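Here is what each chain is made of, one letter per residue.
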Amino acid sequence: MGGVIFGYLAGVIILLSILVITVKNPVHSVMFMLLMFFHIAGLYLTLNAEFLAAVQIIVYAGAILVLFLFVILLLNLKDELRMKRTTWSWPLGVAAAGALFIAAFLSLRSFVPGTKGVITTAVIKAETNTKVLGRILFTEYLFPFEVVSLVLLVALIGAIVLAKKRQRS
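Not measured: the values here are computed from a predicted model.

## Considerations on the overall build of the chain
Move 1: When you go through the chain residue by residue, the secondary structure sums to eight helices and zero strands.
Move 2: When the helices and strands of the chain are placed in sequence order, the string is α-α-α-α-α-α-α-α.
Move 3: Looking at the chain as a whole, 14% of its 169 residues qualify as buried.
Move 4: Contacts in the chain between residues at least 24 apart in sequence constitute 57% of all its contacts with a sequence separation of at least 6.
Move 5: Carbon and sulfur atoms provide 74% of the accessible area of the chain, an area that totals close to 14,000 Å².

In structure tokens:
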């Protein structure tokens, strides 16, 4: 049963990712990307990674996709949609994608997994992934976590300062 669900999710993710890059209307492309993000979250759920599924929905479907949609709606794309699309470059793109696929396949074929970690499958089954991640994040990696939060705070303040319109005195 798990293989059928994985096959469905993987097939739909591939189909939606192709639709994202081939559809003409950019708003439709963003909507296909939204569906793709939900299916990726479903794939994470089949792998018992509920925290990653929640992050996928909150961060990507919630924040990044809304940003993409706002940028697309702020741009004036009517002139670009009327332009004639060139069709001579698609064979080159297919050849480049095929070469990248072959290189990735050959490099992953010789992949040797590293040493096993200290957290075993029994520990993960006893506690959820979120509890284990939270414990490690707030004990072993507390200082880097706080540094990243300060960097994000400075970036947020910088974005507000740059976006604020200058008022005339």
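Picking up where we left off.
## Observations concerning the nonpolar core
Move 1: Ranked by internal contacts, the top residues of the largest apolar core, which has 14 residues, are Ile 13, Met 33, Met 36, Phe 37, Ile 40 and Leu 65.
Move 2: In terms of residues, this core owes the most to one element, helix α2 (residues 26-46), which gives six residues.
Move 3: Among all residues touching Ile 40, those that are not within four sequence positions of it are Ile 13 and Gln 56.

## Describing the packing of aromatic side chains
Move 1: Going through the model one piece at a time under the given rule, you end up with two aromatic pairs.
Move 2: Centre to centre, the rings of Phe 37 and Tyr 60 are 5.6 Å apart; their planes meet at 50 degrees, and the pair counts as tilted. Placement of Phe 37 in helix α2 and of Tyr 60 in helix α3 (residues 50-74) is noted, with a sequence separation of 23 residues between them.
Move 3: Using a relative accessible area of 9% as the deciding quantity, one classes Phe 37 as buried.
Move 4: Since its relative accessible area comes to 38%, Tyr 60 is described here as partly exposed.
Move 5: Centre to centre, the rings of Phe 138 and Phe 145 are 5.1 Å apart; their planes meet at 80 degrees, and the pair counts as edge-to-face.

## With respect to the packing of α2 against α3
Move 1: Following both chains from N to C, one finds α2 and α3 inclined at 175 degrees, their axes separated by 8 Å at the closest point. Judged by the inter-axis angle, α2 sits roughly antiparallel to α3. Residue-level contacts link Pro 26, Val 27, Val 30, Met 31, Met 33, Leu 34, Phe 37, Phe 38, Ile 40, Ala 41, Tyr 44 and Leu 45 of α2 to Glu 50, Leu 52, Ala 53, Gln 56, Ile 57, Tyr 60, Ala 61, Leu 65, Phe 68, Leu 69, Ile 72 and Leu 73 of α3.
Move 2: Residue composition of the contact of α2 with α3, by class: 22 nonpolar, one polar and one charged.

## Notes on a nonpolar patch on the surface
Move 1: A cluster of nonpolar residues, Leu 150, Leu 153, Leu 156, Ile 157, Ile 160 and Val 161, forms a patch on the protein surface that exposes about 590 Å² of accessible area.
Move 2: In this structure, Ile 160 sits in helix α8 (residues 142-163).

## Description of unusual backbone geometry
Glycine aside, residues mostly have negative phi angles, and peptide bonds mostly take the trans form.
Move 1: Even without being glycine, Asn 48 reaches a positive phi, approximately 60 degrees.
Move 2: Within the fold, Asn 48 resides in the loop between α2 and α3.
Move 3: The class for Asn 48 is exposed, based on a relative accessible area of 57%.

## Points about helix α1 (residues 2-22)
Move 1: Relative to the 30 Å expected for 21 residues at 1.5 Å per residue, α1 spans 30 Å between its end C-alpha atoms, a close match to the ideal helical length.
Move 2: All buried positions along α1 are accounted for by Leu 9, Val 12, Ile 13, Leu 16 and Val 20. Here the buried residues of α1 occupy an arc of 110 degrees about the axis, which is enough to place them on one side. For α1, exposure combined with an orientation more than 90 degrees from the buried face picks out Gly 3, Val 4, Ile 14 and Ile 21.

## Focus on the environment of Gly 3
Move 1: Assignment of secondary structure puts Gly 3 in helix α1.
Move 2: As a C-alpha pair, Gly 3 and Thr 46 span 43 residues in sequence and 9.8 Å in three-dimensional space.

## Some thoughts on the side chain of Ser 29
Move 1: Relative to the helices and strands, Ser 29 is located in helix α2.
Move 2: Residue classification places Ser 29 among the buried residues on the basis of a relative accessible area of 11%.
Move 3: In terms of polar contacts, Ser 29 uses its side chain to reach the backbone carbonyl oxygen of Val 20, at 2.6 Å.
Move 4: When residues no more than four places from it in sequence are discounted, the contact partners of Ser 29 are Val 20 and Val 23.

Criteria and cut-off values
Residues numbered from 1 in each chain as written. Predicted model: local features only at pLDDT ≥ 70, side-chain atom pairs only at ≥ 80, totals over all residues. Heavy atoms only, no water. Helix = DSSP H or I, 4+ residues; strand = E, 2+ residues; numbered from the N terminus. Buried < 20%, exposed > 50% of the residue type's maximum accessible area, 1.4 Å probe, protein only. Contact = heavy atoms within 4.5 Å. Areas by Shrake-Rupley, 256 points an atom, 1.4 Å probe, with all protein chains shown as cover. Core = buried A, V, L, I, M, F, W, Y, C linked by side-chain atoms within 4.5 Å. Phe/Tyr/Trp six-rings, centres within 6.5 Å; stacked < 30°, edge-to-face > 60°. Axes fitted to C-alpha atoms, helices over the stretch in contact; angles between N-to-C directions. Parallel < 35°, antiparallel > 145°, perpendicular 65-115°, else oblique. Nonpolar A, V, L, I, M, F, W, Y, C, P; charged D, E, K, R; others polar. Patch = residues over 30% accessible without salt bridge, like charges linked within 9 Å, V, L, I, M, F, W, Y side chains within 5 Å. Salt bridge = Lys/Arg side-chain N within 4 Å of Asp/Glu carboxyl O. Expected span 1.5 Å × (residues − 1). Arc of directions from axis to C-beta. Polar contact = N/O pair within 3.5 Å; in protein donor to acceptor, adjacent residues only side chain to side chain.

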